[in-house]
Amino acid sequence: MTAVSSPGARAGPVATRRRVPASVRRRRRLLAVANHSVAIALSIMFLIPFAFIVSTALMTNQQMGSLSIWPSPFRWANFTDLFEFFPFWRYAWNSLLYAGLGTVGVVLSGIPVAYALSRLQWRGRQVSFVLLLSTLMLPVQITIVPLYIIFVRLGWIGSLKPLIIPLFFGDAFTIFLLRQFFMTIPQELSDAARVDGANDLQILLRVILPLAKPAIAAVALFNFLYCWNDFFSPLLYAGNNPDTWTLAISLQQLTQLSRGILANLQMAASILFTLPVLVIFFLAQKVFVEGVTLTGVKG
Amino acid sequence: MATVSVRPPAAEQARAAERRRRRRRSAWRRQLVALAFMSPWIIGFAVFYVYPILSSLYFSFTSYDILTDPVWVGLANYQFMFTSDGRFWTAVRNTAWVVAIIVPLQIAFGIGAAMVLTRVRRGLGFYRTVFFLPTMVPLVAAALGFVFLLNPGGPVNAVLGFLHLPEPLWFRDPAWAKPGLALLATWMVGQTMIIFLAALLDVPRQLYEAADLEGAGPLQRFRHVTLPMISPVIFFSVVIGVINGFRYFTEAYVVSKSGDWDNPVGTPQDSLLFYTSHLYNQGFEGFHMGYAAALSWVMFVVIMACTLLLIRSSRRWVHYQGGFR
């Protein structure tokens, strides 16, 4: 992949390199071969489950019983048969609503909070930040019992509301990441805008946000994927109403929907569910890897 | 101060007071602006954290099934949990297994994979993408995939059979179900790996050169240069790992229900009953809300205690560059 770099870039180090004894060069080459062998072996290990899953998704029912691993013939109809078993688009729409609106909520509510925590001087800032960090440590399981009771009383069980509405009240992880990023923007920029008569809202909108686009893209992406993949909360709040199942739930429930569905259809459904995520990943890989790195190193 | 005998004229005094007042007013305004910006989180924190944590403390002393009013039972829930609920201890043991085996396995494998990536020059981008790819698969889909891969007549056992190795029943066998989940966790190591990769690339080259000059071998270099330099990230991963251990649910739930959707949570034979599975089972399948609240409070206390302990112990083994953090 990256081996296909421009010839000019490769010529640079070669031209300036001192002559290396042949024995050292041989050792280096051997080392490179060894390293690549390990890397290739690991790659195969990481990729083989994908291969098996895709090939199974294309098998006929009879072939599933046999031991062969290569589908013959390829049964692409598995992917269309799927739609007869369950209302795929209904569940996809629910997933999209949860992930899309949830992301909007998390970003909209997170930006002003991150701004106040990073670029405003006020009393209680340190305390608020420490409290925010401590909520990062708390899994949802700690608060679900009373929240579930509240949502029952509000009549929200069996709807998407318990999933989406809390996300409009700030998410600790998003706020933390945005704050870390806002801290890196030079204070002079805000000061200059303030001298020009801008208030904090204007500074946030005109100075900070344009500079923070990559960070916002990263947190939006993380949240979208988190919601898309989330299983625990949708399972909890969907109640007995299949109309509010997300794809994640419906995928698990496939066995229930059609007693003992065959593995080929289940794998086909899994692929359809995973595909959007992989497409997003390939389109936004850079945002992604940098974002993950930001979480780890700054954490 | 008191020795200053010349008192300022009244006009001067009034002006100073005015200035002070204005400064105080602008400080107030700044405070109000900040609070306005903070308001989404303040509301969220009160409604979704403070209130639930406190009210679940109250519920944990009651017997409550949502339909009828809560009945105060004192410490009965906790007493039942620690003395008579066998499944609680099963769940604790299984969760401890996750923390003690899966978390270290992921960290070790993550460091290993990241080190492989630091040593290849060409094709780094390609390998990195491939190693990270499994992490992108939604957990439910990945778990279903592994249910298929590890089914007793599935591809993995076909390979094991070909190599004349024993073919375990994986998710059908209580002894092999958790190792099956460990395989899944190892496959999805990408996130951990990427964080370690960034940490490894941050280790200053001079340190390795200095170690070379002093005649350190590869193992010594790893032990005395790499490990201390990446210890903050190891620390971070351990803390996150403990929390994830308590959260562990989705994979286990999907695997348990994969054979038959009527299977109880924790199938086979409670070998996949984890802490959150038990909480889910008690609270949202049995509607023992009081007991579930007690379970969540114990979880809260244990997570806090573990985090504090880890932070305490970190002073001894985590090395921050610059010596202070």
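Please read all numbers here as calculations on a predicted model, not as lab measurements.

**Structural notes on the overall build of chain A**
Scanning chain A from N- to C-terminus turns up 16 helices and zero strands. Across the 299 residues of chain A, 50% fall into the buried class. Total accessible area computed for chain A in this model is approximately 14,900 Å², and 67% of it derives from carbon and sulfur atoms.

**Concerning a nonpolar patch on the surface**
Residues and elements named next belong to chain A. A cluster of nonpolar side chains, contributed by L101, V104, L108 and F168, occupies part of the molecular surface with about 350 Å² of accessible area. Tracing the backbone shows F168 in the loop between helix 8 (161–164) and helix 9 (172–183). Exposure remark for F168: the relative accessible area of 35% places this residue in the partly exposed category.

**Examining the interface of chain A and chain B**
The partner chain B presents 88 residues to the 90 residues of chain A that form the contact. Interface of chain A and chain B: buried area, both sides summed, is about 8,100 Å²; carbon and sulfur atoms make up 79% of it. At the boundary of chain A with chain B, the tally comes to zero salt bridges. In this structure, the connection of chain A to chain B is made through five residue pairs in polar contact (both at pLDDT 80 or more). With 16 residues, helix 2 (residues 22–57) of chain A is the largest single contributor of residues to the side of chain A that touches chain B.

**Focus: the side chain of T56 of chain A**
Along the polypeptide, T56 of chain A turns up in helix 2. Here F52 of chain A takes part through its backbone oxygen, which lies 2.6 Å from a polar atom of the side chain of T56 of chain A.

**A few points about the packing of helix 4 (residues 77–85) of chain A against helix 15 (residues 263–283) of chain A**
All names here are of chain A. Here helix 4 crosses helix 15 at 95°, and the two axes come no closer than 9 Å. Compared by their axis directions, helix 4 and helix 15 come out roughly perpendicular. For the pair helix 4 and helix 15, the contacting residues are N78, F79, D81, L82, F83 and F85 in the first and N264, L265, A268, A269, I271 and L272 in the second. Considered class by class, the residues forming the contact of helix 4 with helix 15 number nine nonpolar, two polar and one charged.

**A closer look at the environment of A175 of chain B**
Residues and elements named next belong to chain B. Tracing the backbone shows A175 in helix 7 (residues 174–187). In this structure A175 comes out as exposed when scored by relative accessible area, which is 57%. C-alpha separation for the pair A175 and L279, spaced 104 residues apart in sequence, amounts to 23 Å.

**Overview of the pattern of salt bridges**
Residues and elements named next belong to chain B. Tallied over the entire structure, the rule returns five salt bridges over all chains. Here E18 and R22 are joined by a salt bridge, their closest N and O atoms 3.6 Å apart. Of this pair, E18 and R22 both sit in helix 1 (residues 10–59), four residues apart, roughly one helical turn. On the basis of relative accessible area, E18 is assigned to the partly exposed category, the value being 29%.

**Overview of the domain arrangement of chain B**
Residue and element names in this part refer to chain B. The domains assigned to chain B are domain 1 (10–59) and domain 2 (77–324). For domain 1 and domain 2, the distance between their C-alpha centres works out to 42 Å. With four residues of domain 1 at the contact, the number on the domain 2 side is seven residues. Where domain 1 abuts domain 2, roughly 430 Å² becomes buried across the two surfaces, and 67% of that area is made up of carbon and sulfur atoms. On inspection of domain 1 and its partner domain 2, the count reaches zero salt bridges. Linking domain 1 with domain 2 are two residue pairs in polar contact (both at pLDDT 80 or more), by the criterion used here. Looking at the side of domain 1 that touches domain 2 residue by residue, the classes come out as three nonpolar, one polar and no charged.

**Here's the deal with the packing of helix 5 (residues 88–119) of chain A against helix 9 of chain A**
All names here are of chain A. The N-to-C vectors of helix 5 and helix 9 enclose an angle of 45°; their axes lie 8 Å apart at closest approach. Taken together, the axes of helix 5 and helix 9 are oblique relative to one another. In this structure, helix 5 crosses over helix 9, and the sense of that crossing is right-handed. Only T174, I175, L178, R179, F182 and M183 of helix 9 make contact with helix 5, whose side of the interface consists of V106, G110, I111, V113, A114, Y115, L117, S118 and R119. Tallied by class, the residues present in the contact of helix 5 with helix 9 amount to 10 nonpolar, three polar and two charged.

**A look at a positive patch on the surface**
All names here are of chain A. Together, R19, R25, R26 and R29 make up a positively charged patch on the protein surface. Within the secondary structure, R26 sits in helix 2. Judged by its relative accessible area of 53%, R26 falls in the exposed class.

**What about the confidence of the model for chain A?**
Residues and elements named next belong to chain A. Mean pLDDT over chain A: 81, with 85% of residues reaching 70 or higher. Per-element averaging of pLDDT across chain A places helix 1 (residues 7–16) at the bottom with 44 and helix 5 at the top with 92. Taken as a whole, residues 1–15 scores under 50 in pLDDT and shows 10 contacts with residues more than four places along the chain or in a different chain.

**With respect to the packing of aromatic side chains**
Taken as a whole and judged by the stated rule, the model has 46 aromatic pairs over all chains. Clustering of aromatic rings is evident, with ring pairs tying together Y148, F151, W156, F231, F232 and Y237 of chain A together with F249, Y253, Y280, F284 and F287 of chain B.

**Some details on the domain arrangement of chain A**
Residues and elements named next belong to chain A. One can read the domain layout of chain A as domain 1 (22–78) and domain 2 (80–294). Each of domain 1 and domain 2 was reduced to a C-alpha centroid, and the two centroids are 34 Å apart. Each partner contributes residues to the interface: domain 1 has 12 residues there, and domain 2 has 10 residues. Buried surface at the junction of domain 1 and domain 2, summed over both partners, amounts to about 870 Å²; 63% is from carbon and sulfur atoms. One can count zero salt bridges joining domain 1 with domain 2.

**Thoughts on unusual backbone geometry**
Residue and element names in this part refer to chain B. Despite not being glycine, W170 shows a phi value in the positive range, around 45°. Assignment of secondary structure puts W170 in the loop between helix 6 (155–162) and helix 7. Note on W170: relative accessible area 7%, which makes it buried. Notably, D270 is not glycine yet its phi reads approximately 65°, a positive angle.

**Overview of the nonpolar core**
Membership of the largest hydrophobic core comes to 150 residues, with the highest contact counts inside it found for F231 of chain A together with F131, L181, W187, Y280 and F284 of chain B. The element that contributes the greatest number of residues to this core is helix 13 (residues 289–317) of chain B, accounting for 12 residues. Apart from residues no more than four positions distant in its own chain, F284 of chain B is found in contact with I144, V145, Y148 and L236 of chain A together with L279 and M289 of chain B. Counting 34 residues, the second-largest nonpolar core is a separate cluster that includes V107, A114, W122 and L209 of chain A.

Rules and cut-offs
The residue numbers shown here count from 1 along each chain, following its written sequence. Chains and ligands are labelled by the order in which they are written, letters from A for the one and numbers from 1 for the other. With the structure being a predicted model, the display of local features is reserved for residues of pLDDT at least 70 and the display and counting of side-chain atom pairs for 80 or more, all residues being used for whole-chain, interface and lining totals. Side-chain measures were taken over the full set of non-hydrogen atoms in the model, leaving aside hydrogen atoms and water. Labels follow the DSSP assignment, with helices taken as runs of H or I lasting at least four residues and strands as runs of E lasting at least two, numbered in each case from the N terminus. Categorising residues by exposure relies on relative accessible area from a 1.4 Å probe, with only protein chains included: less than 20% of the type maximum marks a residue as buried, more than 50% marks it as exposed, and the intermediate range marks it as partly exposed. Every accessible area reported is derived by Shrake-Rupley at a probe size of 1.4 Å, with residue values counting cover from the shown protein chains alone. Exposure above 30% relative accessible area and the lack of any salt bridge qualify a residue for a patch; like charges then connect within 9 Å, and the nonpolar side chains Val, Leu, Ile, Met, Phe, Trp and Tyr within 5 Å. Salt bridge, as applied in this entry: a Lys or Arg side-chain nitrogen positioned within 4 Å of an Asp or Glu carboxyl oxygen. The contact rule is simple, with two residues in contact once any of their heavy atoms fall within 4.5 Å. The term buried area denotes the loss of accessible surface (1.4 Å probe radius) that occurs when two parts are joined, taken as the sum for both partners. Counting of polar contacts relies on pairs of N or O atoms within 3.5 Å, with two restrictions inside protein: one atom must be capable of donating a hydrogen and the other of accepting it, and residues adjacent in sequence are counted only when both atoms are side-chain atoms. The axes are straight lines fitted to the C-alpha atoms, using for helices just the contacting stretch, and the angles between their N-to-C directions are given from 0 to 180°. In this scheme, roughly parallel covers angles under 35 degrees and roughly antiparallel covers those over 145, while 65 to 115 is roughly perpendicular and the rest are oblique. Only Asp, Glu, Lys and Arg are considered charged in this grouping, and only Ala, Val, Leu, Ile, Met, Phe, Trp, Tyr, Cys and Pro are considered nonpolar; every other residue, Gly among them, is considered polar. These domain limits were set by an automatic method or by a database of domain assignments. Should the near helix be turned anticlockwise from the far one by less than a right angle, the crossing is left-handed, and should it be turned clockwise, the crossing is right-handed. Positive charges are assigned to Lys and Arg, negative charges to Asp and Glu, while His and the chain termini are left out of the count. For charged residues, the charge sits on one atom: NZ in Lys, CZ in Arg, CG in Asp, CD in Glu. On a scale of 0 to 100, pLDDT captures the predictor's confidence in every residue. Within 6.5 Å between ring centres, the rings of Phe, Tyr and Trp (the latter by its six-membered ring) count as paired, and their orientation is classed by plane angle as stacked under 30 degrees, edge-to-face over 60, tilted in between. For this analysis, a nonpolar core means a set of buried residues of the types Ala, Val, Leu, Ile, Met, Phe, Trp, Tyr and Cys, connected via side-chain atoms within 4.5 Å.

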